[in-house]
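# Structural characterization, general
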Amino acid sequence: QVQLVESGGGSVQSGGSLRLSCAASGVTNSTKCMGWFRQAPGKEREEVAIIDSDGSTTYADPVKGRFTISPYNAKNTLYLQMTSLKPEDTAMYYCAALGRPPPCNQYHVSTWAAFGSWGQGTQVTVSS
């Protein structure tokens, strides 16, 4: 039911910035959790940033202080502002929605994968 479409990825040099967008449709009041995840080649998909329906946010340690996840806006678009990008940030980035009660950071990525809705991903490449 939920449709998510990411955009905004691209190639950037280290230290640069990108803003990812996730356009959401079909989101209802039962969708209490949204977040950004990423997966680099040969690695497991990992949490990047999570936002609860009350606006509470959780960030993975590698991106703390550099990335910011937005609350839902009037256009039903979720953003991820990424600054001070590093080559280690290179990955496919996905947004996801989960209809589970907050706090949303209690849910492992496997729960999101099994029960959440996902976008198609947008590639972020950071060069040195």
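Further up the page is the structure itself.
Residues numbered from 1 in each chain as written. Predicted model: local features only at pLDDT ≥ 70, side-chain atom pairs only at ≥ 80, totals over all residues. Heavy atoms only, no water.

## Digging into the sheet that holds strand 7 (residues 67-69)
- Reading across from one edge, 1-3-8-7 is the order of the four strands in this open sheet, with antiparallel pairing throughout. Across the chains shown, the open sheet's two edge strands, defined by having one partner strand only, are strand 1 (3-7) and strand 7. Direction aside, neighbouring strands of the sheet carry axes that sit 15° apart on average.
- Strand direction decides the pairing type here: strand 3 (residues 18-25) and strand 8 (residues 77-82), joined by six bridges, are antiparallel. In the sheet register, C22 faces strand 8, and the bridge partner there is L78. (Pairing = 2+ DSSP bridges. Helix = DSSP H or I, 4+ residues; strand = E, 2+ residues; numbered from the N terminus. Axes fitted to C-alpha atoms, helices over the stretch in contact; angles between N-to-C directions.)

## Let's talk about the packing of aromatic side chains
- Per the counting criterion, the structure on display carries three aromatic pairs.
- The interplanar angle of 50° and the centroid separation of 4.9 Å between the aromatic rings of F37 and W118 together place this pair among those described as tilted. In this pair, F37 sits in strand 4 (residues 33-39) while W118 sits in strand 10 (residues 117-118), placing the two residues 81 residues apart along the sequence.
- Take F37: its relative accessible area is 1%, and that puts it in the buried class.
- With a centroid separation of 6.3 Å and 75° between ring planes, the pair formed by Y94 and W118 is classed as edge-to-face. (Phe/Tyr/Trp six-rings, centres within 6.5 Å; stacked < 30°, edge-to-face > 60°. Buried < 20%, exposed > 50% of the residue type's maximum accessible area, 1.4 Å probe, protein only.)

## Overview of the state of the cysteines
- Counted by the stated rule, this structure contains two disulfides.
- Across the disulfide from C22 sits C95; the S-S distance is 2.0 Å. Here the S-S torsion is close to 65°, and the disulfide linking C22 with C95 is therefore right-handed. Taken together, the positions of C22 in strand 3 and C95 in strand 9 (residues 91-98) put the pair 73 residues apart, joining distant regions of the chain. Accessibility assignment for this pair places C22 and C95 in one class, buried.
- Bridging C33 to C104, the disulfide has an S-S length of 2.0 Å. Looking down the S-S bond of the C33 and C104 bridge, the torsion is -85°, so its handedness is left-handed. Of the two residues, C33 sits in strand 4 while C104 sits in the loop between strand 9 and helix 1 (109-115), which places them 71 residues apart along the sequence.
- With its disulfide-bonded cysteines labelled consecutively along the sequence, the chain is connected as 1-3, 2-4. (Disulfide = S-S within 2.5 Å.)

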